[in-house]
There are 2 protein chains.
Amino acid sequence: MTRPGRPPGDRDTRAAILTAARSLFAELGYDKASIRAIARRAGVDAALVHHYYGTKDDLLAAALRLPFEPAGLVLAAMENPDRIGETLAREFFALWESPAVREQMLALARAALTHPVAAEKLRGIVTRESLGPIAARLAFPDAPLRAELVGTHLFGLALGRYGLGLEPLASTDIATLAAAVGPTLQRYLADPELFAP
Amino acid sequence: MTRPGRPPGDRDTRAAILTAARSLFAELGYDKASIRAIARRAGVDAALVHHYYGTKDDLLAAALRLPFEPAGLVLAAMENPDRIGETLAREFFALWESPAVREQMLALARAALTHPVAAEKLRGIVTRESLGPIAARLAFPDAPLRAELVGTHLFGLALGRYGLGLEPLASTDIATLAAAVGPTLQRYLADPELFAP
């Protein structure tokens, strides 16, 4: 299905398709945004969208892919086990300060509340891709629940700060937030008594 | 604009309009759901929708109104100042266990990420209507930020548990969650050293 002048690796074309898909998914919702309309906005043939991205579900998954690698966050946080909580909070907010990450994550949150594919993607990020590995390394039997306490705390903060613009949360500096929230995350991840009766 | 047989206080008609508005806002999004379509689904005249609910923004605000009074949560939590955190978490989750509250809150969260009127409504719930009064009663100069830490933590947990169905978070009993999260909320609300350098 490749055409002359459009090698399969054509990065500009792929990027144009993803940009069109993201904007149409956001404007119309997943169900109403058609592959044909996405192709039209990207200035390409619908067949090319299928060629590069497969089904509409595949295209949604690609559109929701993060512009960073959650594992990087994990590795940074693991360097000093006594300060995992604060490091994690600081790195997390630092990521969200980037407009590209922020837009992508807010789009993912919006989509996750309405579409199962996006919900599964977000579940994967919160558990398997980012916090699961930290919690597993700390080796508590209830590691997955600990990771979810941390993930939902951070995600709730990010939605309040970047999505809703809650004040003063939105204008508080990252170091202050990380210092306040760090001990909580540390306790959730590393306190053996967390679920003690 | 009132008609024979439709007194202004007609609760069934008002309820039918709200139900129609909620479902169409959810299906089509705020911008695409017209007053005319809402009236048609409710089986009433569009003029009656305007008569009862005013503008479309007013109707959205009414559709997003909570099926509970956040102040009740606050009063329950204030009874025992040493256990505000745990009481608050327990009462909060108990509310969300009701399907009516859950649907309404998830609809509000979805709408808040896409529409300014809903975002302002959610900001109001998190700060002025529920957690602001608790934080203010505790009389720290940074009470609003403390309230936002608590509000976003609880809201993030609820989105993970009820919106995304994260496991094991979704199937963990409320008492266990409240015991784990309570000390965090207590510290955010009542620890004088929270923002100490």
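Residues numbered from 1 in each chain as written. Chains lettered and ligands numbered in written order. Predicted model: local features only at pLDDT ≥ 70, side-chain atom pairs only at ≥ 80, totals over all residues. Heavy atoms only, no water.

1. As for the nonpolar core
Buried together is how nonpolar side chains tend to be arranged in soluble globular proteins. Counting 144 residues, the largest nonpolar core has Leu59(A), Leu88(A), Leu59(B) and Leu88(B) as the members making the most contacts within it. A per-element tally of this core places helix α9 (residues 143–163) of chain B first, with 11 residues. Non-local contacts of Leu88(B), meaning those with residues more than four positions away in its chain, are made with Leu73(B), Ala77(B), Leu131(B), Ile134(B), Val150(B), Leu154(B), Leu185(B) and Leu189(B). (Core = buried A, V, L, I, M, F, W, Y, C linked by side-chain atoms within 4.5 Å. Buried < 20%, exposed > 50% of the residue type's maximum accessible area, 1.4 Å probe, protein only. Helix = DSSP H or I, 4+ residues; strand = E, 2+ residues; numbered from the N terminus. Contact = heavy atoms within 4.5 Å.)

2. Quick notes on the packing of helix α6 (residues 84–97) of chain A against helix α9 (residues 143–163) of chain A
All names here are of chain A. The contact between α6 and α9 brings their axes to 11 Å, and the two run at 40°. In the crossing of α6 with α9, the sense of the turn from one axis to the other is right-handed. Contact residues: α6 offers Leu88, Ala89, Phe92, Phe93, Trp96 and Glu97, while α9 offers Val150, Leu154, Phe155, Leu157, Ala158, Arg161 and Tyr162. Here the contact of α6 with α9 is composed, by residue class, of 11 nonpolar, no polar and 2 charged. (Axes fitted to C-alpha atoms, helices over the stretch in contact; angles between N-to-C directions. Left-handed = near helix turned anticlockwise from the far one by under 90°. Nonpolar A, V, L, I, M, F, W, Y, C, P; charged D, E, K, R; others polar.)

3. Considering the packing of aromatic side chains
Residues and elements named next belong to chain A. The full count for this structure, using the stated rule, is 10 aromatic pairs over all chains. Considering the side-chain rings of Tyr52 and Tyr53, the 6.5 Å spacing of their centres and the 75° angle between planes classify their relative orientation as edge-to-face. Look at Tyr53 and you get buried, because its relative accessible area is 12%. Pairing Phe92 with Phe93 gives two aromatic rings, centres 5.7 Å apart and planes at 75°, and the pair type is edge-to-face. Residue Phe93 is classed as buried on the basis of its relative accessible area of 0%. An aromatic cluster is present here, built from Phe92, Phe93, Trp96, Phe155 and Tyr162 joined pairwise through their rings. (Phe/Tyr/Trp six-rings, centres within 6.5 Å; stacked < 30°, edge-to-face > 60°.)

4. A few points about the interface of chain A and chain B
Contact with chain A, which involves 41 residues of that partner, is made by 42 residues of chain B. Buried surface at the junction of chain A and chain B, summed over both partners, amounts to about 3300 Å²; 70% is from carbon and sulfur atoms. On inspection of chain A and its partner chain B, the count reaches 0 salt bridges. Across the contact surface, chain A and chain B share 12 residue pairs in polar contact (both at pLDDT 80 or more). Elements represented by at least two residues in the side of chain A that touches chain B include exactly α1 (11–28), α7 (99–112), α8 (116–138), α9 and α10 (174–190) of chain A. (Buried area = accessible area lost by both parts, 1.4 Å probe. Salt bridge = Lys/Arg side-chain N within 4 Å of Asp/Glu carboxyl O. Polar contact = N/O pair within 3.5 Å; in protein donor to acceptor, adjacent residues only side chain to side chain.)

5. So, the side chain of Thr184(B)
In this fold, Thr184(B) is placed in helix α10 (residues 174–190). Excluding residues that lie within four positions of it along the chain, Thr184(B) makes contacts with Thr184(A), Arg187(A), Tyr188(A) and His153(B).

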